[in-house]
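# Working through the structure, step by step
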Protein chains: 2
Amino acid sequence: MSYPVEIPSTDIAVSALELVMQETAPAIMNHSMRTYLHAYFAGQELEIPVDSELLFLACILHDIGTAGKYNGSQRFEVDGADAAARFLIGEGLSEAGADLVWQAIALHTSPGIAERRTGIVQLTRLGVRADFGGRRYGSADQQSIVERALPRLDIEAVLANTVIQQALTKPEKAPPASWPGLLVAEFGSNPHPPGTRSPVF
Amino acid sequence: MSYPVEIPSTDIAVSALELVMQETAPAIMNHSMRTYLHAYFAGQELEIPVDSELLFLACILHDIGTAGKYNGSQRFEVDGADAAARFLIGEGLSEAGADLVWQAIALHTSPGIAERRTGIVQLTRLGVRADFGGRRYGSADQQSIVERALPRLDIEAVLANTVIQQALTKPEKAPPASWPGLLVAEFGSNPHPPGTRSPVF
C-alpha cells in the first residue's frame with residue numbers, strides 16, 4: 001500500500017531538523033529522517049492515530065544523544081531524550097508533548113516495551129526497527145525511494161561506534177541490561193570495527 | 001530517618017497479595033513485599049508524591065510474569081505487566097491506574113530510564129534496586145526489620161533461574177538488549193547455577 005507522505009514544516013519541525021543537521025553525523029541525520037518515514041508509513045498501515053509533528057520531532061531527534069554537545073553521564077537514549085525535551089520546550093512545545101517525545105526517544109532501544117505503548121512511542125520504535133532490518137511499511141516503491149533519497153552512509157558502524165566510544169570513557173553510560181551495554185560487551189569480546197553488523201534491537 | 005509504614009489493606013490490595021502468594025514462589029513473594037517497603041521509604045525520603053495503593057499494587061505484582069500461568073511469548077516484565085493490568089481492571093481499578101502499574105512493571109528492569117520517570121514507575125525501580133544491592137532508604141532499623149521479617153530465600157537464584165528457564169524454551173522472551181537477554185547470554189557463556197550472584201540491573 002502506498003501512502004501520501006506528510007513532512008511537517010512548522011517552525012519547530014524545521015528547527016529540530018536544523019539542530020540534527022548541525023550536531024550529528026550525516027549518517028545519523030539520514031537514518032533519523034528514514035526512521036520518520038518508516039514510522040509514518042507504519043502509522044498509516046496500522047491505523048495508529050498520531051500527531052505527525054510530534055512523531056517527526058521524536059524520530060528526527062531520536063539519536064541526538066550521539067551529539068558530543070549532549071554527551072552527559074546517562075545512557076545516550078536518555079541524554080538524548082533530555083536534550084530533545086529541553087530544546088523543544090525552548091521552541092514552545094507543550095510540557096505534555098515534550099514528555100511524549102522524551103518517552104519515545106528514551107525507549108527507542110527497549111525491545112518489547114516501546115512496541116506495546118501507543119502513538120509516537122510505539123511508532124518511533126517501529127520506525128527504528130524498520131530501518132535496521134525489521135518489518136517495513138508502505139509500498140515497495142516508497143521503501144525504495146526512502147533508501148535512494150537518504151543513503152545509509154554506513155549508519156550501523158557510525159551509530160554503534162559513537163555509542164561505544166561515548167561509553168568507553170564513561171562506563172555509566174552503558175548499564176549491562178541496555179543496548180549500549182550490549183554493544184560495549186560485544187565490542188569487548190570482539191573488538192571488530194564496530195557496526196560491521198546491524199545493531200541488535 | 002525512620003518512617004511509619006503504610007501497607008494498603010483495600011480489597012484490591014489484598015486480592016493482589018493473594019494472587020502473588022498463590023502464583024509465585026515464596027522467595028518472589030517476599031522480594032515483592034520488600035520491594036514495596038524499600039519503594040515506600042524511598043518515596044518518603046525523596047519526597048516523591050505517590051498513591052500508596054498504586055505503589056503497593058505495582059511492587060507486589062512486579063514479578064508476576066514469573067508465574068507459569070502468565071508465561072506468554074513476551075519478555076517476563078511485559079507478560080507480567082499485561083497480567084497485572086488485566087487482573088487489576090477486573091478488580092475495579094481505573095484504566096489510568098492500571099496503565100501506570102503496567103509501566104512500572106514493564107520498566108522495572110530498564111536501567112536509567114525508569115529512574116527518570118515519576119511516581120510509582122520511578123519508585124518501583126528504586127525499590128527493586130534497593131533489594132538487589134542498590135541504595136536503601138529508611139532507617140537502619142527499618143531495613144533490618146524488612147530483611148528479618150521477609151527472608152530472602154535465595155531470591156537471586158530463584159528469579160534468575162525462572163527467567164532463564166522461561167526464555168530457554170521461548171527465545172523470543174529474551175531479546176538481546178534486555179535484562180532477560182543478558183541473563184540468558186551470561187548463562188550460555190557460563191552455565192553456573194544461575195543466580196549465584198546478584199542479578200545485574
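Throughout, a residue's number is its position along its own chain's written sequence, starting from 1. Labels are handed out in written order, letters beginning with A for the chains and numbers beginning with 1 for the ligands. Residues qualify for local features only when their pLDDT is at least 70, as the model is predicted, and side-chain atom pairs are given and counted only at 80 or more; totals for whole chains, interfaces and linings, by contrast, use all residues. No hydrogens and no water enter the side-chain calculation; it runs on all heavy atoms of the structure.

Close approach of charged atoms lets side chains of opposite charge pair. Residues and elements named next belong to chain B. Definition used for salt bridges: Asp or Glu carboxyl oxygen within 4 Å of a side-chain nitrogen of Lys or Arg. Within this structure, the stated rule accounts for 26 salt bridges over all chains. Here Lys 69 ties to Glu 23 by a salt bridge, and the two come within 3.4 Å at their closest N and O atoms. Of this pair, Lys 69 sits in the loop between helix H3 (52-60) and helix H4 (76-90) while Glu 23 sits in helix H1 (residues 11-23), placing them 46 residues apart in sequence. Partly exposed describes any residue whose relative accessible area lies between the buried limit of under 20% and the exposed limit of over 50%, with all areas from a 1.4 Å probe on protein chains only and scaled to the type maximum. With a relative accessible area of 22%, Glu 23 lands in the partly exposed category. Among the salt bridges present, the one from Arg 129 reaches Glu 115, with a minimum N-O distance of 2.7 Å. Residue Arg 129 is located in helix H6 (residues 119-131), and its partner Glu 115 is located in the loop between helix H5 (95-106) and H6; the two are separated by 14 residues in the primary sequence. Secondary structure follows DSSP: runs of H or I at least 4 residues long count as helices, runs of E at least 2 residues long count as strands, and numbering of each begins at the N terminus.

All right, on to the relation of the copies chain B and chain A then. Its rotation angle being 180 degrees, the transformation that places chain B on chain A also includes 0.0 Å of axial translation and leaves an RMSD of 0.0 Å. Such a combination of rotation and displacement between the chain copies is what one expects of a two-fold axis. An overlap of 100% is found between the interface residues of chain B and their copies at the interface of chain A, pointing to a shared contact surface. Least squares is used to superpose the copies, and the fit set is the C-alpha atoms of residues whose pLDDT is at least 70 in both copies. The contact criterion used is simple: two residues touch if any of their non-hydrogen atoms lie within 4.5 Å.

Another point: the interface of chain B and chain A. Each partner contributes residues to the interface: chain B has 23 residues there, and chain A has 23 residues. Both sides together, the interface formed by chain B and chain A hides about 1900 Å², and carbon and sulfur atoms give 62% of it. Connecting chain B to chain A are four salt bridges. Of the charged contacts, one joins Arg 116 of chain A and Asp 82 of chain B as a salt bridge, the two residues approaching to 2.6 Å between their closest N and O atoms. In protein, a polar contact means a hydrogen-donor-capable atom and an acceptor-capable atom, both N or O and within 3.5 Å, with residues adjacent in sequence counting only if both atoms are side-chain atoms; elsewhere, any N or O pair within 3.5 Å suffices. The interface formed by chain B and chain A includes eight residue pairs in polar contact (both at pLDDT 80 or more). In this description, buried area is defined as the sum, over both parts, of the accessible area (probe of 1.4 Å) that is lost when the two are combined.

What follows concerns H1 of chain B. Each full turn of the α-helix corresponds to 3.6 residues, which orients residues three or four apart in the same direction. Residues and elements named next belong to chain B. The span expected for a helix works out to 1.5 Å for each residue beyond the first. With 13 residues, H1 should cover 18 Å at 1.5 Å per step; its first-to-last C-alpha distance of 18 Å lies within 8% of that length. If you check which residues of H1 are buried, you get Ile 12, Ala 13, Ser 15, Ala 16, Leu 19 and Val 20. All buried residues of H1 project into a common sector of 165 degrees when viewed along the axis, lining one side. Exposed residues lying more than 90 degrees from the buried face of H1 are Asp 11, Met 21 and Gln 22. Where H1 is buried, its residues contact helix H2 (26-45), H3 and H4. Directions from the helix axis toward the C-beta atoms define the arc.

Right, let's get into the confidence of the model for chain A. Here chain A averages 93 in pLDDT, while 95% of its residues score no lower than 70. Across the predicted assembly, pTM comes out at 0.94 and ipTM at 0.92. Think of pLDDT as the predictor's per-residue confidence, scored from 0 to 100.

Quick look at the packing of aromatic side chains now. What counts as a ring pair is set by centres within 6.5 Å for rings of Phe, Tyr and Trp (its six-membered ring), and what kind of pair is set by the plane angle: stacked under 30 degrees, edge-to-face over 60, tilted for all other angles. Throughout the structure, instances matching the rule amount to seven aromatic pairs over all chains. Arranged with centres 5.1 Å apart and planes meeting at 80 degrees, the rings of Tyr 36 of chain A and Phe 56 of chain A form a pair that is edge-to-face. With Tyr 36 of chain A in helix H2 (residues 26-45) and Phe 56 of chain A in helix H3 (residues 52-60), this residue pair connects regions lying 20 residues apart in the sequence. The burial state of Tyr 36 of chain A is the same as that of Phe 56 of chain A; both residues are buried. Measuring from centroid to centroid gives 6.5 Å for Tyr 40 of chain B and Phe 41 of chain B, while their planes differ by 70 degrees, and the two rings are edge-to-face. Of the aromatic side chains, those joined through ring pairs into one cluster are Tyr 36, Tyr 40, Phe 41 and Phe 56 of chain B.

All right, on to the packing of helix H1 (residues 11-23) of chain A against H3 of chain A then. Residues and elements named next belong to chain A. H3 packs onto H1 with a crossing angle of 10 degrees between their chain directions and a minimal axis gap of 10 Å. Classified by the angle their axes make, H1 and H3 are roughly parallel. For the pair H1 and H3, contact is made by Ile 12, Ala 13, Ala 16, Leu 17 and Val 20 and by Glu 53, Phe 56, Leu 57 and Ile 60, respectively. When grouped by side-chain class, the residues that make up the contact of H1 with H3 number eight nonpolar, no polar and one charged. In this description, a line fitted to the C-alpha atoms serves as the axis of each element, helices being fitted only across the stretch in contact, and the angle between N-to-C directions of two axes falls anywhere from 0 to 180 degrees. Put simply, angles under 35 degrees are roughly parallel, angles over 145 are roughly antiparallel, angles from 65 to 115 are roughly perpendicular, and the rest are oblique. The residue classification treats Ala, Val, Leu, Ile, Met, Phe, Trp, Tyr, Cys and Pro as nonpolar and Asp, Glu, Lys and Arg as charged. All others, Gly included, are polar.

In this section: the environment of Ala 58 of chain A. Residue and element names in this part refer to chain A. Within the secondary structure, Ala 58 sits in helix H3. Along the primary structure Ala 58 and Ala 104 are separated by 46 residues, whereas in three dimensions their C-alpha atoms are 6.2 Å apart. Beyond its immediate chain neighbours, meaning those up to four positions away, Ala 58 contacts Val 101, Ala 104, Ile 105, Ile 120 and Thr 124.

With that settled, the discussion passes to the nonpolar core. Buried residues of nine kinds, namely Ala, Val, Leu, Ile, Met, Phe, Trp, Tyr and Cys, make up a nonpolar core once their side-chain atoms join them within 4.5 Å. With 100 residues, the main nonpolar core has Leu 57, Leu 61 and Val 101 of chain A together with Leu 57, Leu 61 and Val 101 of chain B as its most contacted residues. With sequence-adjacent residues up to four places away left out, Val 101 of chain B is seen in contact with Leu 54, Leu 57, Ala 58, Ala 84, Leu 88 and Ile 120 of chain B.

All names here are of chain B. Of note, Lys 170 is situated in the loop between helix H8 (155-169) and helix H9 (179-189). It is 9.5 Å that separates the C-alpha atoms of Lys 170 and Arg 75, two residues lying 95 residues apart in sequence. At 2.8 Å, the side chain of Lys 170 and the backbone oxygen of Asn 71 are in polar contact.

Note that Arg 75 of chain B resides in the loop between H3 and H4. Of the polar contacts made by the side chain of Arg 75 of chain B, one reaches the backbone oxygen of Pro 111 of chain A; its length is 2.8 Å. Setting aside residues up to four positions removed in sequence, Arg 75 of chain B forms contacts with Ser 110, Pro 111, Gly 112 and Ile 113 of chain A together with Thr 109, Lys 173, Pro 175, Ser 178, Trp 179 and Pro 180 of chain B.

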